[in-house]
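Structural description and commentary
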Amino acid sequence: MSTKIQGAIAALSALALLTACTPSSDDPDATRNGANKTAEAAADPVFRVGAITTEAAESASESTPTAEPSDGATSTAEPSQSTDAATSLPGAEDFGEVTESGDEIDLEAGQRIGISVENADLSDISVTEEAHPRIAHDPGTFFDASGTALESDEEAQAGSSTPTSTESEPTDGESKGSDSEKENNAEAVSAPDESAAWISTYGLVADSEYTVKATATTADGDEVDLNATIAVGASDGQPMSVRTTLADDQTVGVAAPIMLNFGSTVSEDFRDDVERRLSVKVTDENGKERKVEGSWGWLYDDPQSRLHFRPKEFWPAHSKVSVDVPLKDVPTSENSVGQNDLTLDFEIGRKQVTTANVKTHRMTVTRDGKQVMDFPASLGAPKSPSYNGTHVVMSKAADYTMTSERWGYETDVQWAVRIHNNGEFIHAAPWSAGVQGSQNVSHGCINLTAERAKQYYDSAIFGDPVEVTGSHVSLSTNDSDISDWVYSWDEWKKLSALD
């Protein structure tokens, strides 16, 4: 175990000596909670704020109690400490110097924030990045005086991978509060009982300023606040761009994923910090927030990193989606940082779902639950089958030249709608009109007459789902720009970098 890791754990353990101290009393039943207080005043709380390395933070968060109370018994004794613990008080290399309200602390990008308190218990913590105050709070990890990681009483909300549901309307006599009040309430992380220290989950962003607020409660029940500032210097890392294939104000189908493409590879160790900063908000046409369960997923590098967001089910039709990607100066690897922030506002249109059945040789289209097309079709021949699974409309062209090295053809077609980048299209194929509805003769595409293909072409938009059924082969998650719906929901969630 490294010296830094040992130092962080020792620092946590040393807090026990300080928090276990109680005012002297002749009454043997006197408690830390002040059941029989003496006239002797308790020591004032002492805050420390500093940098914790990722390695030390992860090692500390894995700490567990070394002794458990016997069955039916509740332990009230403070953890035992060695005589060496007193010499391991938190220092600048662990929880930093003593910090008072108004102090400014200089830290480096990528480090984590460590906050400890002596002579009191932490009540709550909030860390706000001034340039991006809308980012969800950092849940961090709380520790007791013995250095044992504590489970938070509330579920972590960082990352906004699942857009929040619409807030309920207040009952008579209740006030919803101002936007600023709701934002401040959302940022605060409540500490479990007996909390003596906290370490952030996420690393600091380069060239940024943070406001740190902490509240501690003394044994007498008094609350003491800390309000300090952390300044983070610029990074010399190489800039890494992030872009999206969607456009502002674009209207897309209900299966359209949000796609982020990075200029290089985001290291796995940094993906949680990147992902937790992203937010997705869904509203109806009137601006009322809609509850939509969804998750980000890191797809295989191609060779640059790709990060997609998809809902558990298709997007609700006629919705508006706002995406915030504040990644400027966010570390993306040991030697790179985000080059730019990105925002995106687009709309979900009507719910149009296309189903093509290999066995019945038909293609049907429903729009907002009503069938609007039912066409005879010809799908992939047995030697060149269409693939089962949820395809997504990717692009379309009125005139397109289809080529295939595998099958050795080059053919001009009309009204071509690409539904996968493995070569599957829905397009006009007048040469197969005689067998459409009775035989499958294509090289994997869905063949329609020119008139029917034009009707479908005019209705299709990016992100419309196309379900193919009845084939003896299925889509793979490999070699696809949009394979999001090939994954089951449980499989998709595992692609997130957040626990």
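Note: the structure precedes this text.
Residues numbered from 1 in each chain as written. Predicted model: local features only at pLDDT ≥ 70, side-chain atom pairs only at ≥ 80, totals over all residues. Heavy atoms only, no water.

1. Comments concerning the overall build of the chain
The secondary structure content of the chain amounts to 6 helices and 31 strands. Going through the 499 residues of the chain one by one, you find that 47% of them count as buried. With the model as given, the accessible surface of the chain reaches about 24400 Å², and the carbon-plus-sulfur share is 43%. (Helix = DSSP H or I, 4+ residues; strand = E, 2+ residues; numbered from the N terminus. Buried < 20%, exposed > 50% of the residue type's maximum accessible area, 1.4 Å probe, protein only. Areas by Shrake-Rupley, 256 points an atom, 1.4 Å probe, with all protein chains shown as cover.)

2. Notes on a negative patch on the surface
A grouping of Asp248, Asp249, Glu285, Asp345 and Glu347 is seen on the molecular surface, where their side chains present a negatively charged patch. Assignment of secondary structure puts Asp345 in strand S22 (residues 341-348). On the basis of relative accessible area, Asp345 is assigned to the partly exposed category, the value being 35%. (Patch = residues over 30% accessible without salt bridge, like charges linked within 9 Å, V, L, I, M, F, W, Y side chains within 5 Å. Salt bridge = Lys/Arg side-chain N within 4 Å of Asp/Glu carboxyl O. Lys, Arg positive; Asp, Glu negative; His and termini not counted. Charge placed at Lys NZ, Arg CZ, Asp CG, Glu CD.)

3. Regarding the side chain of Asn388
Residue position: Asn388 is located in the loop between strand S25 (370-376) and strand S26 (389-392). Here Asn388 falls in the buried class, since its relative accessible area comes to 16%. Leave out the neighbours within four places in its chain, and Asn388 touches Val468, Thr469, Gly470, Ser471, His472, Val473, Ser474 and Leu475. (Contact = heavy atoms within 4.5 Å.)

4. Regarding the pairing of strand S15 (residues 258-262)
Extensive coverage of S15 is indicated by the burial of 5 of its 5 residues. The alternating pattern of S15 places Ile258, Leu260 and Phe262 on one face and Met259 and Asn261 on the opposite face, and all of these are buried. The pairing of strand S13 (residues 242-244) with S15 spans 3 bridges and is antiparallel. Bridge pairing in S15 links Arg243 to Asn261. As defined by bridge partners, S15 adjoins strand S18 (residues 306-311) across 4 bridges and the pair is classed as antiparallel. Bridge pairing links Met259 to His308 in S18. (Pairing = 2+ DSSP bridges.)

5. Focus on the environment of Asp341
By the element assignment, Asp341 lies in strand S22. Considered as a pair, Asp341 and Lys328 are 13 residues apart in the sequence and their alpha carbons are 5.1 Å apart. Those residues within four positions of Asp341 in sequence are excluded, and the remaining contacts are His132, Val325, Pro326, Leu327 and Lys328. Here the side chain of Asp341 touches Leu327 through a polar contact of 3.0 Å, landing on its backbone nitrogen. From its side chain, Asp341 meets the backbone nitrogen of Lys328 in a polar contact 2.9 Å long. (Polar contact = N/O pair within 3.5 Å; in protein donor to acceptor, adjacent residues only side chain to side chain.)

6. Brief notes about the pairing of strand S23 (residues 352-357)
Sheet topology places S23 next to strand S24 (residues 362-367); 6 bridges connect them, and they run antiparallel. The residue of S24 that forms the bridge with Val353 is Thr366. Two elements, S23 and strand S31 (residues 465-469), share 4 bridges in a ladder whose sense is parallel. Bridge pairing in S31 places Ala356 opposite Val468.

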